[in-house]
Amino acid sequence: MTGFPRYAIYFAAGADSALSRFGAELLGYDAHTGDELPFPQQALHVVPDWRDVSADPRKYGFHATLKAPMALASGKTEAGLMAACAAFAGKARPVPVIRPVVDAISGFIAVIPTEPVEALQELAADCVRNFDAYRAPLTAEERARRKPEKLSERQRDYLARWGYPYVMEEFRFHMTLTGRLDAERRGPILAMLRDRFAALRLDALEINRITLFRQDGAKARFRIVGEWALAR
């Protein structure tokens, strides 16, 4: 199938971390193992249609985007991309630390930072630039799916240059838990997710790794195929 497999460079917490379990349980999918998981009863009690509410992020696994999904450019290979990930992670840099909260962002509910963190913005921008040589150009269909007519001029420029509109100054770190929700629905769902997140007692989160995800076909879920700790 043209355009597949696709690869993405994300931040995903380690498989054994409380944050990773939090996200995997809510999405009903563990991208580390490829396993489907039962939804928490609390989520189903508050949101009987939780399966539908969480359907969009389930496809991608619990993550934050650093380099958006891409098909590989001609002549590039998965092994080469993995080697590039290892080289990137091995370069010493400040490891970003955020204060995470659960909140709404553009109609979705996600784990986001309480305030911008410069080192995180720089890490994301470095990922966008560093791995762009591995990205196949967008097809006309892929570009149209981004609805460029609804983007700002700068976002359209970024879509043309980097294959994704929400990069550089437009980047906002988020680990998505729901699809887009109407305002009247968000209140009880947000309260439930904040309650579950509070139980983690996660006051600080290091963005201390990059993770390579692969999607084998249009209907397939993304699955983790490699992860690398960032050098300090």
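Summary of the structure given here. As the structure is a computational prediction, the values presented were derived from the model and not from experiment. (Residues numbered from 1 in each chain as written. Predicted model: local features only at pLDDT ≥ 70, side-chain atom pairs only at ≥ 80, totals over all residues. Heavy atoms only, no water.)

### Concerning the overall build of the protein chain
At step 1: Assigned secondary structure in the protein chain consists of 9 helices and 11 strands.
At step 2: By the compact-globule yardstick of 17 Å for 232 residues, the protein chain fits well, its C-alpha radius of gyration being 17 Å.
At step 3: Summarising its shape, the C-alpha atoms of the protein chain cover approximately 50 × 40 × 35 Å along the three principal directions.
At step 4: When the 232 residues of the protein chain are sorted by exposure, 47% land in the buried category.
At step 5: At a minimum sequence separation of 6, the contacts of the protein chain that also span at least 24 residues come to 73%. (Helix = DSSP H or I, 4+ residues; strand = E, 2+ residues; numbered from the N terminus. Rg over C-alpha atoms; globule rule 2.2 N^0.38 Å. Buried < 20%, exposed > 50% of the residue type's maximum accessible area, 1.4 Å probe, protein only. Contact = heavy atoms within 4.5 Å.)

### Here we look at the pattern of salt bridges
At step 1: This model, assessed by the stated rule, comprises 16 salt bridges.
At step 2: As a salt-bridge pair, Arg214 and Asp216 come within 3.0 Å of each other at their nearest N and O atoms.
At step 3: Residue class for Arg214 comes out partly exposed when judged on its relative accessible area of 24%.
At step 4: Here the residues in one salt-bridge network are Lys67, Asp132, Arg135 and Arg161, joined through shared partners. (Salt bridge = Lys/Arg side-chain N within 4 Å of Asp/Glu carboxyl O.)

### Describing unusual backbone geometry
At step 1: For the bond from Phe4 to Pro5, the omega torsion is 0°, close enough to zero to count as cis.
At step 2: With respect to the element layout, Pro5 can be found in the segment before strand S1 (6-11).
At step 3: At Ser106, a residue that is not glycine, the phi angle is positive and equals roughly 55°.
At step 4: Position of Ser106 relative to the elements: it lies in the loop between strand S6 (100-105) and strand S7 (108-113).
At step 5: Looking at Ser106, the relative accessible area reads 48%, which means it is partly exposed.
At step 6: Positive phi, close to 50°, is recorded for Lys147, a residue that is not glycine.

### So, empty space enclosed by the protein
Which parts of space are left empty comes out when a probe the size of a water molecule is rolled across the atoms.
At step 1: Counting across every chain of the model gives 1 cavity of 30 Å³ or more.
At step 2: What the largest cavity holds in volume is close to 60 Å³.
At step 3: Together, Ala12, Ala13, Ser20, Ala24, Asp30, Ala31, His32, Phe62, Phe213 and Ile224 line the largest cavity.
At step 4: Classifying every residue of the lining of the largest cavity by side-chain character gives 7 nonpolar, 2 polar and 1 charged. (1 Å grid on protein atoms, 1.4 Å probe; cavity = no way out; pocket = protein on both sides within 12 Å on 5 of 7 lines; lining within 4 Å. Points joined across faces, edges and corners; volume = space filled by probe spheres on them. Nonpolar A, V, L, I, M, F, W, Y, C, P; charged D, E, K, R; others polar.)

### Description of the packing of aromatic side chains
Both the distance between ring centres and the angle between the ring planes are used here to describe each pair of aromatic rings.
At step 1: All chains considered together, the criterion is met by 8 aromatic pairs.
At step 2: Lying across the ring of Tyr134, Lys76 places its NZ or CZ 4.8 Å from the centre.
At step 3: Arg161 extends its terminal NZ or CZ atom over the ring of Trp162, reaching a point 3.8 Å from the ring centre. (Phe/Tyr/Trp six-rings, centres within 6.5 Å; stacked < 30°, edge-to-face > 60°. Lys NZ or Arg CZ within 6 Å of the ring centre and 35° of its normal.)

### Points about the side chain of Glu170
At step 1: Within the secondary structure, Glu170 is located in the loop between helix H8 (153-162) and strand S8 (175-176).
At step 2: Filtering out sequence-adjacent residues up to four positions away, Glu170 remains in contact with Arg154, Gln155, Tyr158 and Pro165.

### Here's the deal with the sheet that holds S8
At step 1: Reading across the sheet, the 3 strands line up as S6-S7-S8 and stay open at both edges, with antiparallel pairing between neighbours. The outermost strands of the open sheet, each flanked by one partner alone, are S6 and S8.
At step 2: Here 6 bridges tie S6 to S7, and the two strands are oriented antiparallel to one another. Paired with Ile105 across the two strands is Phe108, which belongs to S7.
At step 3: Helix H9 (residues 183-198) rests against S6 and S7 of the sheet, and its axis sits at about 165° to S6. (Pairing = 2+ DSSP bridges. Axes fitted to C-alpha atoms, helices over the stretch in contact; angles between N-to-C directions.)

### A few points about helix H1 (residues 18-27)
At step 1: The element H1 is extensively covered by neighbouring structure, given that 7 of its 10 residues are classed as buried.
At step 2: Three or more residues of H1 are buried, namely Leu19, Ser20, Phe22, Gly23, Ala24, Leu26 and Leu27.
At step 3: Positive backbone phi, approximately 70°, marks Gly28, located one or two places after H1.

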